[in-house]
Every structure is written in C-alpha cells, then in structure tokens.
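Structural description and commentary
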Amino acid sequence: MTSSTSPARIELTTDRLVLRAWTAAEATAVQGGNRSVHWADDFPAEGDRVIAGLLGANPAWLSEHGHRLIVERDSGLVVGSIGLFWPPSEGTVEIGYGIVPSRRGRGYASEAARALAAFALAAPGVHTVVATVELSNPASARVLENAGFELEATENDTARYRITRPDHDRR
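This section reports on the structure supplied with the text. (Residues numbered from 1 in each chain as written. Predicted model: local features only at pLDDT ≥ 70, side-chain atom pairs only at ≥ 80, totals over all residues. Heavy atoms only, no water.)

Comments concerning unusual backbone geometry
How we decide: Strands here are runs of E lasting at least two residues and helices are runs of H or I lasting at least four, both read from the DSSP assignment and numbered beginning at the N terminus. Summary of the burial criterion: residues with accessible area below 20% of their type's maximum are buried, those above 50% are exposed, and those between are partly exposed, where the area comes from a 1.4 Å probe applied to protein chains only.
Residues Phe 43 and Pro 44 are joined by a peptide bond in cis, for which omega reads 5°. Summarising the element assignment, Pro 44 is placed in the loop between helix 1 (24-32) and helix 2 (46-54). The backbone of Glu 90 shows a phi angle near 50°, a positive value even though the residue is not glycine. Its location among the elements puts Glu 90 in the loop between strand 5 (78-89) and strand 6 (92-99). Residue Asn 156 is not a glycine yet carries a positive backbone phi of 55°. Tracing the backbone through its elements, the reader meets Asn 156 in the loop between strand 8 (150-155) and strand 9 (158-164). With relative accessibility at 69%, the residue Asn 156 sits in the exposed group.

Here is the structure:
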C-alpha cells in the first residue's frame, strides 16, 4: 500500500485499488441520481447513497481519515465506498464498506479494509479499528477475517470484529 498526498487529501493505493476522498460534487450526484461515466454500472449502491447524504452533516467524514470511494485501478471506475466513522472514541474507530454487486467476490472489500485499517492504526490516538456485521451476512464477516480482523463478540444478530495495533495492550 502506498499513500499520496494532495492539498489535505490522501489517496491510499493497493495492488488493484485506489481509495480516494469523496468530492462534494460526487456526493451531490449520488444524492440526485446523476450518473458519472467514472462509476461502475451498478454504483452507487444503497449504502453509498446513505453515506453521500450524511457527508454534509458530518464534516469529519471528509477529513483525511474519513470516507473514501473505492476505485478499480485497471478500469478507473468507482466500485464501492469505504470509510472510518471519525473521530475515534477512546482510541477506537469504526470502519464500514461496500462493493457493488458486479465487483463482489474479487477480494476488493478485504483489500480496501486492510489498507484503510492500517492507515487508521497509524493515526495518532488510534489503537483499534472495529466493524459490526450482521450474522446473516457471512460474506462480510469473511471480508473482515481476510483483512486481518478478529471476532471480538457476537450479540443478538450481529458480530463485532476488531483489529488492534500490535503495540497496544488490550487489558
């Protein structure tokens, strides 16, 4: 994974993906149902529409540690989104992600989650990244396991996963 910076923007690059910040124009387009030629045919998914609608009310989600679009390097198309629900609380931040159906099963979600979790764990004051998945969605649990997260607990219909900085004492 590599990082590149532009004015207040950090792109994360993996073998097959670029994770880059949303623009205000993209959020507006998603909310308004306007299509971009730079999007996969089935982007945005419902989760992307929800995030686009919340970006204005949550400016920290547009910070360098906020939400990003997942861009397939080979095609240059947006194929999903991933983000950290910033700011952290007591050293912990939550991650959420989604890949459009046409690109699922390729390992993109795990690749993106691994990269964003590593980036988050390098941030000052962050020692743990967590994610909650519905037990009825085993594919999402596999995403987290493949990204290096460990099952922390299950409760009712959900499972909570975590990845912790190696030098953090989990007491």
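Resuming the write-up.
Brief notes about the packing of aromatic side chains
Here is the rule we go by: In this analysis, rings of Phe, Tyr and Trp, with Trp reduced to its six-membered ring, are considered paired at centre separations within 6.5 Å, and the interplanar angle assigns stacked below 30 degrees, edge-to-face beyond 60, and tilted for intermediate values.
What the rule picks out here adds up to 2 aromatic pairs. Ring centres of Trp 39 and Phe 43 lie 5.2 Å apart, and the angle between their planes is 70°; on these two criteria the pair is classed as edge-to-face. We note that Trp 39, like Phe 43, is buried. Ring geometry for Trp 61 against Phe 85: centres 5.1 Å apart, planes inclined by 85°, an arrangement best described as edge-to-face. In this pair, Trp 61 sits in the loop between helix 2 and strand 4 (67-72) while Phe 85 sits in strand 5, placing the two residues 24 residues apart along the sequence. Among the residues examined, Trp 61 registers a relative accessible area of 10% and is labelled buried. Accessibility expressed as a relative area gives 28% for Phe 85, which makes it partly exposed.

Structural notes on the pattern of salt bridges
So the rule is basically this: A pairing counts as a salt bridge when a side-chain nitrogen of Lys or Arg comes within 4 Å of a carboxyl oxygen of Asp or Glu.
This model, assessed by the stated rule, comprises 8 salt bridges. Residue Glu 111 is joined to Arg 16 by a salt bridge in which the shortest nitrogen-to-oxygen separation is 2.7 Å. In this pair, Glu 111 is assigned in helix 3 (residues 108-121) and Arg 16 in the loop between strand 2 (9-13) and strand 3 (17-21), connecting sequence segments 95 residues apart. For Arg 160, the salt bridge goes to Glu 152, with nearest N and O atoms at 2.7 Å. Linked through salt bridges whose partners overlap, the residues forming this network are Glu 72, Arg 103 and Arg 106.

So, helix 1
Applied cut-off: To be clear, the arc concerns the directions from the helix axis to the C-beta atoms.
What helix 1 keeps buried is the set Glu 26, Ala 27, Ala 29 and Val 30. One side of helix 1 holds all its buried residues, which, seen down the axis, span an arc of 160°. Looking at helix 1, the residues exposed on the side facing more than 90 degrees away from the buried face are Ala 24, Ala 25, Thr 28, Gln 31 and Gly 32. A positive backbone phi angle near 75° is found at Gly 33, which sits one or two residues after helix 1.

Overview of the pairing of strand 4
The condition that has to hold: A pair of strands counts as paired when DSSP detects no fewer than two bridges linking them.
Judged by how many residues are buried, strand 4 sits mostly within the fold: 6 of 6 residues are covered. Of the two faces of strand 4, the one holding His 67, Leu 69 and Val 71 and the one holding Arg 68, Ile 70 and Glu 72 are both buried throughout. Sheet topology places strand 3 next to strand 4; 5 bridges connect them, and they run antiparallel. Residue Arg 20 lies in a different strand from strand 4, and its bridge partner there is Leu 69. Here strand 4 pairs with strand 5 via 5 bridges, running antiparallel. The residue of strand 5 that forms the bridge with Arg 68 is Ile 82.

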